[in-house]
Amino acid sequence: MKVNFENPKDVANSIKIVKSVIKSKNTLPILDDILVIASADGNVTFVGSDLESTLSLAMKADVEEAGSAAISAHQLDLTVTNMRPEESFSLSVNEDKMVSIKTKFKKGKFSFVSESTDQFPDIDQLENEQTKMKISFPTAVLSNAIAASLPMRANNETRPVMQGTYLSFQQNGTFVVATDAHIMFKGQISEASYLPNDITETEIGAIIPPKSGNIIPNVLKAGLAAADVDITITKNFISFKSGKVMLSCRMTEGKYPNFESVIPKNNSISLVVEKESVLEAIKSAVAFSNKANNLIEINVISNSMFKMSSQDLDFNTSAEQEVDCNINKQLDQFRIGFDGNMLLTAIKSFDSQFVSIDMETPSSAVVVFGVNKRQDSMDKDEKTIVLQMPVIVE
């Protein structure tokens, strides 16, 4: 195999993206490698795997001799990253599996041994499984929804189902969901139903494992993806293919919680506030809160203002700030507590100028929406919501 590359920076970026799927410590030495496949049509594909997930990325190059090799990801990354941007180079592998990288600038030469490609994991994980669904979504919509959901996944390894990001295909649309039982993200990425006509289920779900969930937004925003991403689902695997990149992974087994059942439908109090103003107030309040629970309070003063406060009795610190808002009904008194860091995460999920915090009682679930106008609590974007459980204030 022999390939000539003109831009080492592009190659280095491709290697770093593929390396993101490789574990830092592997029981099988072959999993420390990147599979490099050079095709006669001028495509060079870099592939990384940890057995559960496989990430591949293709780029154009001058292929003098087609072939493939399993090359140490660390050595390949180190060698190419340290090259100058204008330093074109060649990569070749001889019959003895010896890798040779030669640069045109200063005639540099680097050599190391590759491994047999026969030991590398199967790069097409879906090949031997029957396809259950094939759908496409706008890349930016899917990427943004998954990225917003990531902070709301569970960290508890005893509940692997809730560590993942859930793709829910329903009759009324497709949703991205994540929850740790205290906070939940639900984002609609399509209003269309993609359920096959020959099935009786009202929902098909796919749980994306945490590592793959972390990789997807980074890969799709790396400038290598196309306008749409193609998703293929089989019994055990799911793949995402867009432009030059493809990620496939084994789905997390198990039944995802019934997230629809916990979303309140009739919260009657809508507190609409400018997103940046409330974010600043939350950050200030969290800084002075008790670090054991990050408790902050919202105390409604009138239908146009609330106080946000916090305190830490152990260190004798406190904070209080008034925030302008618009509340849809007159309240004599309403006081509710939150984990400030969670509320910060919830509100950061929205791109709108305003957010609506919908409540009913100080102990019932709160739903946050994006809002286009501060004066109009009915102008909510219900495609994306964040549900958060309040903290009881003594």
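Each value, and the rule that gives it
- Residues numbered from 1 in each chain as written.
- Predicted model: local features only at pLDDT ≥ 70, side-chain atom pairs only at ≥ 80, totals over all residues.
- Heavy atoms only, no water.
- Helix = DSSP H or I, 4+ residues; strand = E, 2+ residues; numbered from the N terminus.
- Buried < 20%, exposed > 50% of the residue type's maximum accessible area, 1.4 Å probe, protein only.
- Contact = heavy atoms within 4.5 Å.
- Salt bridge = Lys/Arg side-chain N within 4 Å of Asp/Glu carboxyl O.

**Student:** Any details on the overall build of the protein? Residues and values, ideally.
**Tutor:** The helix and strand inventory of the protein stands at seven helices and 26 strands. Taken over the C-alpha atoms alone, the protein extends approximately 80 × 55 × 40 Å along its principal axes. Expressed as a percentage of the 394 residues in the protein, the buried residues total 51%. A separation of at least 24 residues holds for 64% of the contacts in the protein among residues at least 6 apart in sequence.

**Student:** If you had to explain the pattern of salt bridges to someone new, which residues and values would you point to?
**Tutor:** Here the structure, examined in full by the defined rule, presents ten salt bridges. Here Asp 50 and Lys 211 are joined by a salt bridge, their closest N and O atoms 3.0 Å apart. Of the two residues, Asp 50 is situated in the loop between strand E3 (43–49) and strand E4 (53–60) and Lys 211 in helix H5 (residues 210–220); the sequence distance between them amounts to 161 residues. In this structure Asp 50 comes out as buried when scored by relative accessible area, which is 6%. Across the pair Glu 260 and Lys 186 runs a salt bridge, and its minimum N-O distance is 3.1 Å. Here Glu 260 is found in the loop between strand E17 (245–250) and strand E18 (269–274), whereas its partner Lys 186 is found in strand E13 (residues 183–190), with 74 residues between them in sequence. Within the structure, one salt-bridge network assembled from shared partners comprises Lys 16, Lys 19 and Asp 77.

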